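Summary of the model geometry
Residues per chain are reported as follows:
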Amino acid sequence: RDPIDMLVGFSNTEAGRLAAEALAARGHKKVGFIGRRGGRGALRLKGFREACSDLGLEFAGEFLSEEVVGPSDGRRCLSALLESGARVDAVFCANDLLALGTLMEARRRKLSIPKDFGVIGFGDSDIAAEIPPGLTTVGVDSAQLGRIAGEMLLQRLSNKQVVPNVTRLDLLLTYRGSIYTDCLS
């Protein structure tokens, strides 16, 4: 028997698909991925790769890290990706920490964001809107996730049947200046 009998969540594979669709819609052609080797990062990579194939995008490279501690990992990953010879005009980073570091490294390399290079993250962290030019991110309504999970727990504690016992939330794409030129002042 599956030990999880109640679940509120979202599809990490769909998050990767959504990121690829956003990059394609903005005209990017050669894309890459930066993320963790396993877990949710691997699921996001799977969706991203599948969507790139479906959309006719060239998947030009990836750099996978064993762990992510901070933005410096994003800097290191983008450096390694570019130094491997991958020619990318945009990357999807499996989380916002990696994406922030990627933005910093792209700027250090004098790449114009979003003209020369685009970046999408995941998580819609608070800093995503604050770091220039603003980080485009895939995310989920965390307040809604918490509210639904709380309601499910209250039903369970009241010995009521939890219906539905699985709730899949829609993902949200927040466009900002890292890929979307209309957001720039």
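Residues numbered from 1 in each chain as written. Predicted model: local features only at pLDDT ≥ 70, side-chain atom pairs only at ≥ 80, totals over all residues. Heavy atoms only, no water.

**Brief notes about the packing of aromatic side chains**
Applying the stated criterion across every chain yields a total of five aromatic pairs. When the ring of F10 is compared with that of F122, the centres are 5.7 Å apart and the planes differ by 35°; the resulting orientation is tilted. Of the two residues, F10 is situated in the loop between β1 (7-9) and α1 (12-25) and F122 in strand β5 (residues 118-122); the sequence distance between them amounts to 112 residues. Over the face of the ring belonging to F122 we find R44, whose NZ or CZ atom lies 3.7 Å from the ring centre. (Phe/Tyr/Trp six-rings, centres within 6.5 Å; stacked < 30°, edge-to-face > 60°. Helix = DSSP H or I, 4+ residues; strand = E, 2+ residues; numbered from the N terminus. Lys NZ or Arg CZ within 6 Å of the ring centre and 35° of its normal.)

**Structural notes on the sheet that holds strand β8 (residues 172-174)**
Read from one edge to the other, the open sheet built from six strands follows the order β3-β2-β4-β5-β6-β8, with strand pairing classed as mixed. Two strands bound the open sheet, and with one partner strand each, they are β3 (58-65) and β8. Direction aside, neighbouring strands of the sheet carry axes that sit 20° apart on average. Relative to strand β6 (residues 136-139), β5 is paired through three bridges, and the arrangement is parallel. When the bridges of β6 are listed, I120 appears paired with T136. Against the sheet, α1 makes contact with β2 (30-36), β4 (90-93), β5, β6 and β8, and its axis sits at roughly 160° relative to β4, the strand it touches most. (Pairing = 2+ DSSP bridges. Axes fitted to C-alpha atoms, helices over the stretch in contact; angles between N-to-C directions. Contact = heavy atoms within 4.5 Å.)

**Description of helix α3 (residues 71-83)**
In a regular helix each residue adds 1.5 Å, so 13 residues correspond to 18 Å; α3 covers 18 Å between its end C-alpha atoms and thus fits that length. Inspection of α3 places D73, G74, C77, L78, S79 and L81 among the buried residues, and these make up the whole buried set. Residues of α3 that are buried sit in contact with β2, β3, β4 and α4 (96-108). G85, located one to two residues past α3, shows a positive phi value of around 100°. (Expected span 1.5 Å × (residues − 1). Buried < 20%, exposed > 50% of the residue type's maximum accessible area, 1.4 Å probe, protein only.)

**Regarding a nonpolar patch on the surface**
On the surface, a cluster of nonpolar side chains totalling about 270 Å² of accessible area is made up of I4, L7 and V166. You can see I4 is positioned in the segment before β1. With relative accessibility at 54%, the residue I4 sits in the exposed group. (Patch = residues over 30% accessible without salt bridge, like charges linked within 9 Å, V, L, I, M, F, W, Y side chains within 5 Å. Areas by Shrake-Rupley, 256 points an atom, 1.4 Å probe, with all protein chains shown as cover. Salt bridge = Lys/Arg side-chain N within 4 Å of Asp/Glu carboxyl O.)

**Some details on the confidence of the model for the chain**
On average, residues of the chain score 92 in pLDDT, and 96% of them are at 70 or above. When mean pLDDT is compared element by element in the chain, β4 scores highest at 98, while β1 scores lowest at 91. (pLDDT = per-residue confidence, 0-100.)

**Quick notes on the pattern of salt bridges**
Taken as a whole and assessed by the stated rule, the structure comprises twelve salt bridges. Between E105 and R109 there is a salt bridge whose closest N-O contact spans 2.9 Å. For R109, a relative accessible area of 27% corresponds to the partly exposed category.

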